[in-house]
Amino acid sequence: MKKKKIISIDVSAGKYSTIVDEIISLAASSTSSYTCVANVHMLVEAYNDPLFATVVNDASIVTSDGMPLAWCFKLLYNVNQDRVAGMDLLPDLIKICCKKDIPIFVYGGTSPMLQRSAEFFRKNFPTLKVAGMYSPPFRPLTPQEDLDVIDMINSSGAGLVFVALGCPKQEKWMASMHGKINASMIGIGGALPVFVGMQKRAPVWMQKTSLEWLYRLGQEPKRLFKRYFVTNTTMILLLIKELYLNRKKVSV
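Residues numbered from 1 in each chain as written. Predicted model: local features only at pLDDT ≥ 70, side-chain atom pairs only at ≥ 80, totals over all residues. Heavy atoms only, no water.

1. A closer look at the overall build of the protein
Threshold: Numbering of helices and strands starts at the N terminus; helices are DSSP runs of H or I of at least 4 residues and strands are runs of E of at least 2. Atoms counted for the radius of gyration: C-alpha only. Globule rule: 2.2 Å times the number of residues to the power 0.38. The contact criterion used throughout is that any non-hydrogen atoms of two residues lie within 4.5 Å. Areas reported as accessible are Shrake-Rupley estimates using a 1.4 Å probe. Residue values count occlusion only from the protein chains shown.
Of regular secondary structure, the protein possesses twelve helices and eight strands. The C-alpha atoms of the protein give a radius of gyration of 18 Å, which matches the 18 Å a tight globule of 252 residues would have. Seen through its principal axes, the protein has C-alpha atoms that stretch 55 × 35 × 35 Å. Within the protein, contacts between residues at least 6 apart in sequence are counted, and of these 73% link residues at least 24 apart. Carbon together with sulfur atoms contributes 58% to the accessible area of the protein, which is approximately 12700 Å² in total.

Here's what the structure looks like:
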């Protein structure tokens, strides 16, 4: 899948449906791979940390989760790019896994959240094959624990692994498991608690106008205020710089 550089990361270009099909294809074939669902936070993290940028850019697929990234396609390349948000991907991938009989695994999140998720899946997606769920401890795993996790997921027969550790932890974990876990992994961040009804998602008009972050800020102001203030401001400055450099190249 073709990618275009958006400031610090290479983001997959293509229609929403095409990207979904590619993720499902990797899952159906149990191809060891990972998908990063990129937003402004991830882009700025990658800009500040070259090693993390490599982690993101080595992914098979990097989606434009936030509207600002989709807009960057237009501003930098005059390309109309669909938003491919984790909040939309998760339910759509679950539905397709039901139809195609692809087992899923959920890695990350708290035990209560996974219990709620299991109940939600049983009630709303009775044909979904849940190969397993695991809530890792809030500390680095030992080498033996890493091997146990790899064996647990591989022996489960899962084709698609939803990783809910948050950025950048989930992306680094997927990169470390690339070539070891025989499945397609995708980092879903905080999409799972929204999907199973533990949190509410922003209204559609806020999603379309790139204000979903503001809705989330209202839900978790203490945790998210600093992140959004810093990352959103940094993103605007980086984009202005990128547009200036591009215009300068054209004028030369």
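2. Some words on the packing of helix α1 (residues 16-28) against helix α5 (residues 86-100)
Condition: With axes taken as lines fitted to C-alpha atoms, and helix axes fitted only over the stretch in contact, angles between N-to-C directions fall between 0 and 180 degrees. Here is the rule for angles: anything less than 35 degrees is roughly parallel, anything more than 145 is roughly antiparallel, 65 through 115 is roughly perpendicular, and the remaining ranges are oblique. Each crossing gets its hand from how the near helix is turned against the far one by less than a right angle, where anticlockwise is left-handed and clockwise is right-handed. In the scheme used here, Gly and all other residues not listed as nonpolar or charged are polar, with Ala, Val, Leu, Ile, Met, Phe, Trp, Tyr, Cys and Pro taken as nonpolar and Asp, Glu, Lys and Arg as charged.
Viewed as axis vectors pointing N to C, α1 and α5 meet at an angle of 50°, and their least axial separation amounts to 11 Å. On the basis of their axis angle, the class for α1 and α5 is oblique. Helix-helix and strand crossings are classified by hand; for α1 and α5 the assignment is right-handed. Residues Y16, V20, I23 and I24 of α1 form the contact with α5, whose own contacting residues are D88, L89, D92, L93, I96, C97 and K100. Partitioned by chemical class, the residues of the contact of α1 with α5 number eight nonpolar, no polar and three charged.

3. Some details on the nonpolar core
The condition that has to hold: Throughout, nonpolar core names a set of buried Ala, Val, Leu, Ile, Met, Phe, Trp, Tyr and Cys residues whose side chains join them through atoms within 4.5 Å. Partly exposed residues are those whose accessible area sits between 20% and 50% of the maximum for their type, while under 20% is buried and over 50% is exposed, using a 1.4 Å probe and protein chains only.
Counting 40 residues, the largest nonpolar core has L43, Y107, W173 and M185 as the members making the most contacts within it. Ranked by residues supplied to this core, first place goes to helix α2 (residues 40-48) with five residues. For L43, the contacting residues outside a window of four places in its chain are I6, I7, S8, I9, L69, M235 and L238. By size, the runner-up hydrophobic cluster in this structure holds 34 residues, among which are C97, I104, A191 and F195.

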